[in-house]
Amino acid sequence: MVLSRRILDLERDERLRYVLILKNQGWAAGSALNHTHSQIIATPVIPKLVKEKLDGAKSYYDYKERCIFCDMIRQELADAARVVEETRHFIVFTPFAPRFPFEVWIYPKKHSCAYADISKEEMMDFSRSLRNTLQRIGKTLDNPPYNYILYTAPIAFRAAATGTP
Ligand SMILES: [Zn+2]
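Conventions used here
Position numbers for residues count from 1 along each chain, tracking the sequence in the order it is written. Only residues with pLDDT of at least 70 get local features here, since the model is predicted, and only at 80 or more are side-chain atom pairs given and counted; chain-wide, interface and lining totals rely on the full set of residues. Side-chain numbers come from the whole structure's heavy atoms, not from hydrogens or water. Each helix is a run of DSSP H or I of at least 4 residues and each strand a run of E of at least 2, with the numbering of both proceeding from the N terminus. Three labels apply to residues, based on accessible area from a 1.4 Å probe with only protein chains included: buried if under 20% of the type maximum, exposed if over 50%, partly exposed otherwise in between. In what follows, a contact means two residues having at least one pair of non-hydrogen atoms within 4.5 Å. To estimate how far a helix should reach, multiply one less than its number of residues by 1.5 Å. Any two strands with at least two DSSP bridges between them are considered paired. In this analysis an axis means a line fitted to C-alpha atoms, helices contributing only their contacting stretch, and an angle means the value between N-to-C directions, from 0 to 180 degrees. With water excluded from the atoms, a metal site may look incomplete; its donors are any N, O or S atoms within 2.8 Å, or within 3.2 Å for Na, K and Ca. Within this scheme, the nonpolar core is defined by two criteria: the residues are buried Ala, Val, Leu, Ile, Met, Phe, Trp, Tyr or Cys, and they are joined through side-chain atoms within 4.5 Å. In protein, a polar contact means a hydrogen-donor-capable atom and an acceptor-capable atom, both N or O and within 3.5 Å, with residues adjacent in sequence counting only if both atoms are side-chain atoms; elsewhere, any N or O pair within 3.5 Å suffices. Salt bridges are identified by distance alone: a Lys or Arg side-chain nitrogen within 4 Å of an Asp or Glu carboxyl oxygen.

Colleague: Hey, could you go over the overall build of the chain for me, with residue numbers and the actual values?
Modeller: On a plain count of helices and strands, the chain comes out with five helices and six strands. Reading the secondary structure of the chain in the N-to-C direction produces α-β-β-α-α-β-β-β-α-β-α. Relative to its 165 residues, the chain shows a buried fraction of 33%. For the chain, restricting intrachain contacts to residue pairs at least 6 apart in sequence, the fraction spanning at least 24 positions comes to 56%.

What follows is the structure in structure tokens.
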């Protein structure tokens with residue numbers, strides 16, 4: 001809950017467009033400090049990797065009039081070949097075309113664009129899914145270095161979707 005509260009705080013700053021949460025665990029170059037805290041980076045621009053995802057989702061919506069993420073979840077659950085774990089609120093799966101070795105995605109099953117809107121119950125579920133996923137990777141690959149990134153809607157998008165000024 002600490003992170004979602006922090007995001008809500010940052011969203012009040014009208015200079016900011018995006019709040020990025022990430023963690024580099026064990027990378028020689030990536031983590032200057034040898035601890036496991038997540039970092040929060042708030043920026044006045046939308047990061048390129050987020051912009052590309054949003055543009056992709058928009059093109060898909062323009063073409064099919066459906067949410068690409070909800071479609072992806074439906075397909076992964078029906079197929080089940082790449083599903084690592086399914087909980088009440090989340091699905092953990094390996095993407096069809098991963099960009100990195102052992103890439104894993106955790107998606108909310110509910111159509112929702114912003115991490116800060118997560119409920120307490122969903123948060124508990126999400127924390128468990130994330131912990132299980134990191135433990136599985138650690139156990140299988142002998143504690144490798146890893147990155148994770150938390151994708152959420154840019155601030156203006158969330159405001160438009162929820163009616164928040
Ligand atoms: Zn959706």
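Colleague: How would you summarise helix α4 (residues 120-141) if you had to cite specific residues and measurements?
Modeller: Helix length check: α4 (22 residues) gives 31 Å between terminal C-alpha atoms against 32 Å at 1.5 Å per residue, within 8%. Of all the residues in α4, the buried ones are Glu122, Met123, Asp125, Phe126, Ser129, Leu130, Thr133 and Gly138. Of the surrounding elements, those touching the buried residues of α4 are α1 (2-11), β3 (83-86), β4 (90-93), β5 (105-108) and β6 (146-150). The positive-phi residue at the C-terminal boundary of α4 is Asp142, with phi of around 60 degrees.

Colleague: I'd like a description of the sheet that holds strand β2 (residues 39-43), backed by residues and values.
Modeller: In space, the three strands of this open sheet follow the order β2-β1-β6, with antiparallel pairing throughout. This sheet does not close on itself; its edge strands, each paired only once, are β2 and β6. Neighbour-to-neighbour, the strand axes of the sheet open up by a mean angle of 25 degrees, direction not taken into account. Bridge count between strand β1 (residues 18-25) and β6: five bridges; the pairing is antiparallel. Paired with Gln25 across the strands is Tyr146, a residue of β6.

Colleague: Explain the sheet that holds β5 to me, using residue names and the numbers behind them.
Modeller: Reading across the sheet, the three strands line up as β3-β4-β5 and stay open at both edges, with antiparallel pairing between neighbours. In this open sheet, the two strands that pair with only one neighbour each are β3 and β5. Taken over all neighbouring pairs, the strand axes of this sheet differ in orientation by 20 degrees on average, direction set aside. Pairing of β3 with β4, which is carried by three bridges, proceeds in the antiparallel orientation. Note that in β4 the partner of Val83 across the bridge is Phe93.

Colleague: Tell me about the coordination of the zinc ion, and name the residues and values.
Modeller: The protein atoms that coordinate the zinc ion are Cys67 (SG), Cys70 (SG) and His111 (ND1), at distances of 1.9 to 2.3 Å. Mapped onto the sequence, the residues coordinating the zinc ion show the spacing C-x2-C-x40-H.

Colleague: How would you sum up the nonpolar core? Please name residues and give values.
Modeller: Judged by nonpolar contacts, the single largest core of 16 residues is most densely connected at Ile7, Val19, Tyr115, Ile118, Phe126 and Leu150. Mapped by element, the contributors of at least two residues to this core are α1, β1, α4 and β6.

Colleague: Can you tell me about the side chain of Thr152, naming the residues and giving the values?
Modeller: Among the secondary structure elements, Thr152 is positioned in the loop between β6 and α5 (155-162). What makes Thr152 buried here is its relative accessible area of 10%. Within polar-contact distance, the side chain of Thr152 engages the backbone nitrogen of Tyr115 at 2.8 Å. Discounting residues that sit within four places of it in the chain, Thr152 has contacts with Tyr18, Val19, Cys113, Ala114 and Tyr115.

Colleague: Would you mind going over the pattern of salt bridges in detail, with residue names and values included?
Modeller: Tallying each qualifying case throughout the model produces 13 salt bridges. Asp55 is the salt-bridge partner of Lys51, the closest N and O atoms lying 3.0 Å from each other. Residue Lys51 and its partner Asp55 are both found in helix α2 (residues 48-64); the two are separated by four residues, about one turn of the helix. Assessed through its relative accessible area of 39%, Asp55 is described here as partly exposed. Here the salt bridges do not stand alone but share partners, grouping Arg66, Asp71 and Arg74 into one network.

Scope: geometric values only; no functional claims are made or implied.
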